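# Results of the structural survey
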Amino acid sequence: MERLRTLVNRLLGRRETEADGHNSPVRRTIHINSEYQEKKFCGNEISTGKYNFITFLPRFLFEQFRRAANIFFLMIVILQQIPGVSPTGKYTTIVPLIFILLVAAIKEIVEDYKRHRADDAVNNRKVLIFRDGNWRAIKWTKVVVGDIVKVINGQFFPADLILVSSSEPQAMCYVETSNLDGETNLKIRQSIQKSPGLVETANLQSVAQLEDFKGTIECDVPNRHLYEFKGNIAIGSERAIPVGSDQILLRGAMLRNTQWVFGIVVYTGHESKLMMNANRAPLKMSNVDRTTNMQIWFLLIILIVISLISAIGSEVYKNTSLKSAWYLPNSGGSEARHFFFELLTFIILYNNLVPISLLVTLEVVKFVQAIFINCDIEMYDPESDTPAMARTSNLNEELGQIKYIFSDKTGTLTRNVMIFRKCSIAGVKYGRDPATRGTCVDDVYDSDEELERDDEGDLSFSDPNLLDIMRSGKNGSEDIREFLTLMSVCHTVVPERDRRPDTPRVGVRYQSSSPDEHALVCAAQKLGYIFTERTPQTVTIDADGTPQTYGVLNVLEFTSSRKRMSVVVRCPNGAIRLLCKGADNVIFERLSPDSAHSDTTTRHLEEYACEGLRTLCFAYADISEEFYKEWKEVCYKASVAIEDRDQRLESAYEKIERNLHLLGASAIEDRLQDGVPETISMLSRAEIKIWVLTGDKQETAINIGYSCKLLVDDMVLVVLNETCLDDVRSKIREETGKIGVDRMKKDNNIGLIVTGSTLKHALSCNLQSEFLDLAMSCRAVICCRVSPMQKAEVVELVKKRCGAITLAIGDGANDVSMIQAAHVGVGISGQEGLQAANSSDYSIAQFRFLRKLLLVHGAWNYNRLAKCILFSFYKNICLYLIEFWFAFLNGFSGQILFERWTIALYNVIFTALPPFSLGIFERTCSSENMMKYPMLYSISQKAVKYNARVFWKMFANSVVHSLMLYFFASLMVMQDISFIEGWVGGYLFQGNFVYTYVVVTVCLKAGLESSTWTLFTHLAVWGSIVSWFAFFGIYSHIWPAIPIASEMLGQADMVFRSAIFWMGLFLIPCVVLSRDLLWKVLRRTVKKSIVEEVQELERQAGSNRGNILDQARYSFSEKAHLLRNMLSFVGRSPQTSVESHEMPRTSRDDPGDGAKHHGFAFSQEESGVISQSQLIRSYDSTADKPPG
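Worth saying up front: this structure is predicted, and the values here are computed from it rather than measured.

### Let's talk about the overall build of the chain
Counting its regular elements, the chain contains 42 helices and 35 strands. Taken across its 1188 residues, the chain has 59% of its residues classed as buried. Of the contacts made within the chain by residues no fewer than 6 positions apart, 76% connect residues no fewer than 24 positions apart. Taken as a whole, the chain presents about 48,300 Å² of accessible surface, with 57% of it coming from carbon and sulfur.

### A short note on a nonpolar patch on the surface
A contiguous nonpolar surface patch, about 560 Å² in accessible area, is contributed by F968, L971, M974, M1063, L1067 and V1071. Within the residue set of the nonpolar patch, elements represented by two or more residues are α34 (948-973) and α38 (1059-1086). One can find L971 in helix α34.

### As for the pairing of strand β30 (residues 716-720)
With five of five residues buried, β30 is to be regarded as a mostly interior element. Side-chain alternation along β30 places V716, V718 and L720 on one buried face and L717 and V719 on a second face that is also buried. By the bridge criterion, five bridges tie β30 to strand β31 (residues 748-755) in an arrangement that is parallel. What sits directly across from V716, in β31, is I750. Once the chain exits β30 it traverses helix α22 (residues 725-739) before rejoining the sheet at β31, and the crossover so formed is right-handed.

### Concerning the sheet that holds strand β17 (residues 402-407)
The strand order across the open sheet built from nine strands is β16-β35-β34-β33-β17-β29-β32-β31-β30, with neighbouring strands paired in mixed fashion. Edge positions in the open sheet fall to β16 (389-390) and β30, since each of these has one partner strand only. For strand β34 (residues 824-828) and strand β35 (residues 842-844), the ladder comprises three bridges, and the chain directions are parallel. Each residue of the ladder has a partner; that of G827, found in β35, is S843. Along the sheet face, helix α28 (residues 849-880) touches β17, β33 (805-810), β34 and β35 and points at about 140 degrees away from the line of β35.

### Some words on the sheet that holds strand β25 (residues 564-570)
With antiparallel pairing, nine strands are arranged side by side in an open sheet as β19-β18-β28-β27-β26-β25-β24-β23-β22. Unpaired on one side and paired on the other, β19 (428-430) and β22 (529-534) mark the two borders of the sheet. Each adjacent strand pair in this sheet contributes to an overall mean axis angle of 30 degrees, direction not counted. Across seven bridges, the pairing between β25 and strand β26 (residues 576-582) is antiparallel. Considered in β26, the bridge of R564 is made with G582. The strands touched by helix α15 (residues 515-526) within the sheet are β18 (414-425), β22, β25, β26, β27 (614-623) and β28 (661-672), with β18 carrying the most contacts at an inclination of about 50 degrees. Sheet strands touched by helix α21 (residues 698-707): β18, β27 and β28. Its angle to β28, the strand with the most contacts, is close to 70 degrees.

### Some points on the packing of aromatic side chains
What the rule picks out here adds up to 47 aromatic pairs. Both rings, one in W1028 and one in F1031, keep their centres 6.3 Å apart while their planes meet at 35 degrees; by these two values the pair is tilted. Of this pair, W1028 and F1031 both sit in helix α36 (residues 1015-1035), three residues apart, roughly one helical turn. On the accessibility criterion, W1028 (0% relative accessible area) is buried.

### Some thoughts on the nonpolar core
A general feature of soluble globular proteins is that nonpolar side chains tend to end up buried together. Membership of the largest hydrophobic core comes to 107 residues, with the highest contact counts inside it found for F873, I882 and Y997. Of the residues forming this core, the biggest block, 13 residues, is contributed by α28. Judged by nonpolar contacts, the second largest core, of 61 residues, contains M682, I828, A859 and V1091.

### A look at helix α17 (residues 598-610)
Two residues of an α-helix separated by three or four positions point the same way, owing to the 3.6 residues in each turn. The terminal C-alpha atoms of α17, which comprises 13 residues, lie 18 Å apart, in line with the 18 Å expected from a rise of 1.5 Å per residue. Turning to α17, its buried residues are T601, T602, H604, L605, Y608 and A609. Down the axis of α17, the smallest arc covering the buried residues is 165 degrees, so these residues share one side. Packed against the buried residues of α17 are β18, β19, α16 (584-588), β27, β28 and α21.

### Here we look at the pattern of salt bridges
Overall, the coordinates contain 48 salt bridges when judged by the stated rule. Salt-bridge contacts for E657 lead to R564; the nearest nitrogen and oxygen are separated by 2.7 Å. Taken together, the positions of E657 in the loop between α19 (645-656) and β28 and R564 in strand β25 put the pair 93 residues apart, joining distant regions of the chain. R564 matches E657 in its accessibility class, with the two residues each being buried. Residue E1096 pairs with R1084 through a salt bridge whose shortest N-O separation is 3.9 Å.

### Regarding unusual backbone geometry
Cis peptide bonds are those with omega within 30 degrees of zero, and the linkage from W1039 to P1040 qualifies with 10 degrees. As for its placement among the helices and strands, P1040 is situated in the loop between α36 and α37 (1051-1057). Its identity as a non-glycine residue notwithstanding, D385 has a phi of 55 degrees, on the positive side. Considering the arrangement of structural elements, one finds D385 in the loop between α10 (356-374) and β16. Taking the relative accessible area as the measure of exposure, D385 reaches 54% and is therefore exposed.

### Observations concerning empty space enclosed by the protein
Under the counting rule described, the total for this entry stands at 10 cavities of 30 Å³ or more. Of the pockets and cavities examined, the largest cavity occupies roughly 150 Å³. Lining the largest cavity we find 17 residues, and of these K50, R115, P282, T392 and D841 sit closest to its centre. Residues belonging to the lining of the largest cavity are distributed by class as follows: four nonpolar, eight polar and five charged.

### Points about the pairing of strand β4 (residues 148-152)
Within β4, four of the five residues are buried, which leaves the element mostly enclosed by the surrounding structure. In this sheet, strand β15 (residues 260-267) lies alongside β4 in antiparallel orientation, the contact comprising five bridges. Looking across to β15, one finds that V149 is bridged to G263.

### Focus on the packing of α34 against helix α35 (residues 987-1009)
At a closest axis distance of 9 Å, the pairing of α34 and α35 adopts a crossing angle of 140 degrees. Of the possible angle classes, the one that applies to α34 and α35 is oblique. α35 is crossed by α34, and the crossing has right-handed handedness. Contacts between α34 and α35 pair N957, L965, Y966, A969, S970, M972 and V973 from the former with F989, Q990, F993, V994, Y997, V998, T1001 and K1005 from the latter. Class assignment of the residues belonging to the contact of α34 with α35 gives a composition of 10 nonpolar, four polar and one charged.

### Quick word on the confidence of the model for the chain
Per-chain confidence: the chain averages 81 in pLDDT, with 84% of residues scoring 70 or above. Contacts from residues 435-459, a stretch scored under 50 in pLDDT, to residues over four places away or in other chains number 50 contacts. Contacts from residues 500-506, a stretch scored under 50 in pLDDT, to residues over four places away or in other chains number five contacts.

### Looking at the side chain of E517
Here E517 shows up in helix α15. Given a relative accessible area of 1%, E517 falls into the buried group. A polar contact is formed between the side chain of E517 and the side chain of T492, at a distance of 2.8 Å.

### A look at the side chain of T601
Here T601 shows up in helix α17. In this structure T601 touches S424, F588, L662 and A665, once residues within four positions along its chain are discounted.

### Quick look at a negative patch on the surface
Taken together, the side chains of E643, D644, D646 and E650 define an acidic patch exposed on the protein surface. Inspection of the secondary structure assignment puts D644 in the loop between α18 (625-639) and α19. For D644, a relative accessible area of 49% gives the class partly exposed.

### Notes on the environment of C580
Along the polypeptide, C580 turns up in strand β26. Relative accessible area serves as the criterion here: at 1%, C580 is assigned to the buried category. On a C-alpha basis, the gap between C580 and H661 in space is 9.8 Å, while along the polypeptide they are 81 residues apart. Contacts of C580, omitting those with residues within four sequence positions, involve L486, C490, R564, M565, S566, I587, C617, F618, A619, E657 and L660.

The rules behind these values
Residues numbered from 1 in each chain as written. Predicted model: local features only at pLDDT ≥ 70, side-chain atom pairs only at ≥ 80, totals over all residues. Heavy atoms only, no water. Helix = DSSP H or I, 4+ residues; strand = E, 2+ residues; numbered from the N terminus. Buried < 20%, exposed > 50% of the residue type's maximum accessible area, 1.4 Å probe, protein only. Contact = heavy atoms within 4.5 Å. Areas by Shrake-Rupley, 256 points an atom, 1.4 Å probe, with all protein chains shown as cover. Patch = residues over 30% accessible without salt bridge, like charges linked within 9 Å, V, L, I, M, F, W, Y side chains within 5 Å. Salt bridge = Lys/Arg side-chain N within 4 Å of Asp/Glu carboxyl O. Pairing = 2+ DSSP bridges. Right-handed = clockwise from strand over helix to strand, strands pointing away. Axes fitted to C-alpha atoms, helices over the stretch in contact; angles between N-to-C directions. Phe/Tyr/Trp six-rings, centres within 6.5 Å; stacked < 30°, edge-to-face > 60°. Core = buried A, V, L, I, M, F, W, Y, C linked by side-chain atoms within 4.5 Å. Expected span 1.5 Å × (residues − 1). Arc of directions from axis to C-beta. 1 Å grid on protein atoms, 1.4 Å probe; cavity = no way out; pocket = protein on both sides within 12 Å on 5 of 7 lines; lining within 4 Å. Points joined across faces, edges and corners; volume = space filled by probe spheres on them. Nonpolar A, V, L, I, M, F, W, Y, C, P; charged D, E, K, R; others polar. Parallel < 35°, antiparallel > 145°, perpendicular 65-115°, else oblique. Left-handed = near helix turned anticlockwise from the far one by under 90°. pLDDT = per-residue confidence, 0-100. Polar contact = N/O pair within 3.5 Å; in protein donor to acceptor, adjacent residues only side chain to side chain. Lys, Arg positive; Asp, Glu negative; His and termini not counted. Charge placed at Lys NZ, Arg CZ, Asp CG, Glu CD.

What follows is the structure, given as structure tokens:
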């Protein structure tokens, strides 16, 4: 049974883990540093591909035969093998079907090969493994459970590890988990502890010690819970020691600010927590494909109906005419059997109503469209040498119908780089004021050197006035010195120098779990206040050339509820001072009545917030010795309290954090990716709603919302941060009531902020509908503190309940689930590895490239596919329905009007190129105008070019055309006057008339549908017509040299000699297409669409795109006025809307607070393995670190 289950899992493409099966173990046992393991564990190789060697054939055939057309043609192939049933031969369907499947298989293999190559890039990374008493650099794929690995600073962890030891004090290390949870701050992990304060494995730092390191680990079986881990480790013969999530280092995370760590491998490959949260690449089908599938089923119903009509007609004809038609044989047998076989004959005869060529045409067209995306130089990022890549071509047209975008924040919208930009000190602003932020690099940065060094904090702040005032002793110099001192002292940053003897001495580098603190300390360093040393009791700075040592008496830790962090220090002069930084509202509440500059600083904070900068306020208070002694005793009692310790500590902190004196405020930029605000603005104007789903904190998420212009200052914010079900329900209903029933599900000027704890209840079955109604009534939605699975659940909710096409974009492994859940997944090839890109449908290097991917390629591809599909149906109905009309004249005998191989080659040669022309080279408007005027995107977004209504209009039109083509041609030869000599041509003579007129008509129809005439369009239209005439002339003379088509011998000579044929060739196609041409002319004259307006103005303006607006003013139609308004909309705020809804302003942080947004955001790990106070007490930067 075990072998059978393994085989089934492989065939179905399932990942096999220990948790599979009914008798799965509840824990796993691992032998450390040993080749022996009790069972074989999963390998460390990962695969994000759709197929492997074993699963390709079954999965590929399953995907192909999900399509109604392929199922139908397979049935036709089977029916054609029954003797005496098929009027078109045995091989006219099986050959095209095999060709189609081969083309599709080659395309799938090529696309999946790209995924496997990307996987290989990850699998072939190297890491140091301790084997045979030495460190060996081996590939990730060779890592096995129980190995001891050494990871260097800046490397990703190759598997899930238990931390053994590190270069840092108390075996701590810093871990960047933005790839997993989206948080910008670093996490601290600490190795295994035997008892509080005694680190069990911290001394394992040499090869000899590791060689003797043996033991066993018992832990959970692999699971997808990122923040849960339970296990025990027994070292040698000692008792087991508990191991928890504070000791686990997850695959996908990166080691930061730590020289090295040793870790024991516990989970590998697809059993790692990261991969357990990633689903197998799903088989996605586009909305256009689903619509086409549905129409094919309707066509099959029509085919069966006309087949039944023909079979019934045959029986009626035989029963009424058999006695007088003595020459017709009576085959005998039961009537039911005859009727059944006649029905099968007519089904085979009419089967080409469903175009078999459509499938291969779409495969080729989509493949070429994907090449266009891959080769678009405007979506190429030279900095990372990364082009756009279509990892699948099945969803090209889906890019043109996106209604909702779900975006990650860290690494997608932002660069996860904090830069000190401005500050306000004693009411005076310092720092330059760039005209734009996050748009054009050349506008924001003064030099390439500055851009390169921004990431480390150098040259990010530039204002010579600040240094001039400080060093000249002018008014305000003392405030500046106090401000810079506070920046360089009040933090949890640790300085680091490389003290190895063979390494040249370098400047101080800083390691910090908070990117905000890192930016502040780096800025102070640049301004002359250099943080140089930290010991457990002191902090030393170089204050503009003067060494100063501050004694650290107490650390009052930052929490989300306190929104501030303070340190109590003893200054070099012996005085005690409290240094505090935090949010403006909590600092201002604690200011002394005689504190100055509050109003001025508030105005500056509002300005910084409008620019999207993260703000912190700085203040200090002088503390007397007597008060400090009293407070120290109060604080000590609170710290050892058994009950309500946290609340008592906060109460103690409140007693000393008062009567503060405001120094000023800082403004830090969480650097956006280039062009993010413009891209969001443009996509919003294309009526695309953007939701940001991030694992980061609420304040940080809101700040980025303002920075990227998703939120604006006049927007009402609704914050949902309740933690219990009843509170969530009442809050949602309260906010829904404020909006009003008449404004529900409309575009209101509201931003919705939802936390992960609230989302857990909002996504429950009872509240899903109400929550979604509220969210759909908001212009912007930001979900913060959400897990990877919650991201996927939000996407699934909108996808299923709204029926809209969704797109998810992200760059981290925590985004894989939502990328796979959305209709279209886009991965950013960014700083957080390639996991998201490898699991996506499309990958780009920058968020800004999403604009062209959707507004240009998406809209173009949708329009191209719509025309290609409709034309493919049209040309088949025009020709093959003629067999039905012919049946009325041949007594429903099943006789074909056309020669069988000309029927088979109709789609393969004579009308093959026009669909490719429409599907590859058709273009609505130029790419410049598609991006400049995003309202054009609504045409594809609303699916107005291809839906059931449009399909059936096309069907009716093609039925009329087939009637006209058949009966007009039949009337011309009805009186046997085709030749002067009185010759009679026979049924094939008539058939070749009709066939020629059909080919000419459908090719001209393709030209009529084309908006853009390229060289290939001319080749497709005129070349197809010429190819039929050339083939016809040759094919009618090949017998008996080639023993096929004997009945076609001499047909071309007869047809081309007939004057009636040439007269009909010029008249019939023109008459048939006259209604289409007249309708198109009238519609473009009387009721132009916006697209048609732009097309005409493009032609008038030629290459001068700037004249479009001026040209539009000369049009007086209603649509022209709409177009002019659209063109003049450029540069206007996306929030300007007739639909905007004004509400009383609600709080961004605290209910009832009507203050403006002041930009507070601060990233710092809370409730970590060790407290912030313990962290800084553990470090002595004057001591050497172990080399490892």
